[in-house]
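Residues per chain are reported as follows:
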Amino acid sequence: MAAFKSKAKLIDDIHDAEADKTLTEKDSYIFELIKDYVVENRSVNHQRQTELLSALRDDQNLIGSTVVKRLIAEAIISEYDLPQIGIDPVFIEALGHDLLTKAYPKPDGPLDKIGNLSTEVYFWGIPASGKTCAIGALLSMAFKTDLDRLQQFKEGACQGRQYMSRLTEMFPYDPREGVPANVMPLPSGTPVKYTYEMFFELTDKKRNVYPITFIDMAGELVRCMYKKNKGEQLSTEEEAALQTVTNVLKDNRTANQKLHFFVLEYGGEHRRYEGVSQTRYLLSAIDYLSNIDAGGGQRFNVFESKTDAIYLLVTQVDKAGQDDDCLASHVRSYMNGPQSYNSIANQLQNICQTYHINGGRLAVLLFSLGEVCFKDYCRFNPRFTRNALQTLLSHMYSYSELQKKPWFKKFYQWMTS
């Protein structure tokens, strides 16, 4: 490899490598990129070493833990450099432990329709947007019933039950104030061919039972929608994944109320995945979901009915560097800024107004897992997850409320047929 001319070029090439699906050994490739940048004539170029450390100071998640460990092992950087650039000692210590994410289980077959009377919650986002982590955090907190109003969490029969069980233990923590969480590994992304249905019930202290279904859509699906809209050729696997979306949201659509969370990374509006920006992918996905081919020249809009709310779930808001008093207003201004995600926000706002969703208003929900370092390690802070779960519950219906709906009897017969 030829030496890089600038730190910015190195950072761009690391991001490109992360997004390159053709790379089977990404960690090794990224390590070689960095080594080629820093090492000259078998010696460390200290100026470029300083630039590398500066890049890690600016973004502690620029490279993963495996790459960091190799850089230390080959003396390209030292573990003693890391505290000097603001890396918390707990994450440096974690480098010496085998904190690897276990492979997630496959679902119990393909998903053709949602199998339970419930409120359906859909999560959309590109790969590495933080979508699966957000779901895991919400399930971990629900499992602990870490809200004053909650009393019990109960898993239900569903196609993604094993996956759900794993996610409920993704972020173990002590809900007592001031007790720091341990460093835990973050999960890998959801495979393109798997869509997971996770059904559970939450019981509050008044003994109201709320049935909920989370649907974790693989981040690659957003890319499939983009390719479909552009008329590009899809693989058999991609076509099958896209058909699952059509089955669940159109052909076998339930009468359940639905929520849609579009997961966006704070500061990630210019991050590209296979050369395409996060913004363009999500705009294409929204367009696809608003215009599914229904045959005979007809189009189907998944948002037109039974959509209770649409949210922008903005992850990694800790990167905003704002005090709590200013954070919410700052993020809302940021989301509507011309250099950010305003085109996505505007499109979803128009949908909310057209179909009277959530009072005609697009809502923005702030989210952060806590401290994340080296892409793979997290020290969970439940603060933002607790607020997100509280917001989510405000849209849920109990069984007793659902039974009062005029369509309940017909729907129940359809679900059990």
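Residues numbered from 1 in each chain as written. Predicted model: local features only at pLDDT ≥ 70, side-chain atom pairs only at ≥ 80, totals over all residues. Heavy atoms only, no water.

Caption draft 1: View of the overall build of the protein. Secondary structure assignment for the protein yields 15 helices and 16 strands. Computed over its C-alpha atoms, the radius of gyration of the protein comes to 22 Å, within 12% of the 22 Å expected for a compact globule of 417 residues. Based on the C-alpha atoms only, the size of the protein along its principal axes is roughly 75 × 55 × 40 Å. Out of the 417 residues in the protein, the part that is buried amounts to 53%. Accessible surface computed for the protein: about 19400 Å², of which carbon and sulfur atoms make up 46%. Of the side chains in the protein, 48 bear a positive and 52 a negative charge, and the two mean positions are spaced by 6 Å. (Helix = DSSP H or I, 4+ residues; strand = E, 2+ residues; numbered from the N terminus. Rg over C-alpha atoms; globule rule 2.2 N^0.38 Å. Buried < 20%, exposed > 50% of the residue type's maximum accessible area, 1.4 Å probe, protein only. Areas by Shrake-Rupley, 256 points an atom, 1.4 Å probe, with all protein chains shown as cover. Lys, Arg positive; Asp, Glu negative; His and termini not counted. Charge placed at Lys NZ, Arg CZ, Asp CG, Glu CD.)

Caption draft 2: Looking closely at the sheet that holds strand E15 (residues 370–373). Strand order in the open sheet formed by three strands is E5-E16-E15, with antiparallel pairing between adjacent strands. Taken across any chain shown, the strands that pair with only one partner, and hence form the sheet edges, are strand E5 (183–185) and E15. Sheet twist, expressed as the average angle between the axes of neighbouring strands with direction ignored, equals 30 degrees. Direction of pairing for E15 relative to strand E16 (residues 377–380): antiparallel, over a ladder of four bridges. Its bridge partner being in E16, Glu 371 is matched across the sheet by Arg 379. (Pairing = 2+ DSSP bridges. Axes fitted to C-alpha atoms, helices over the stretch in contact; angles between N-to-C directions.)

Caption draft 3: View of the packing of helix H1 (residues 7–19) against helix H3 (residues 46–58). The N-to-C vectors of H1 and H3 enclose an angle of 55 degrees; their axes lie 10 Å apart at closest approach. When the axes of H1 and H3 are compared, the pair comes out oblique. Crossing of H1 over H3 shows right-handed handedness. In this structure, H1 contributes Lys 7, Leu 10 and Ile 11 to the contact, and H3 contributes Glu 51, Leu 52, Ser 54, Ala 55 and Asp 58. (Parallel < 35°, antiparallel > 145°, perpendicular 65-115°, else oblique. Left-handed = near helix turned anticlockwise from the far one by under 90°. Contact = heavy atoms within 4.5 Å.)

Caption draft 4: Geometry of the environment of Leu 366. Here Leu 366 shows up in strand E14 (residues 363–366). The exposure class of Leu 366 is buried, given its relative accessible area of 11%. Sequence-wise, Leu 366 and Leu 167 are 199 residues apart; in three dimensions their C-alpha atoms are separated by 21 Å.

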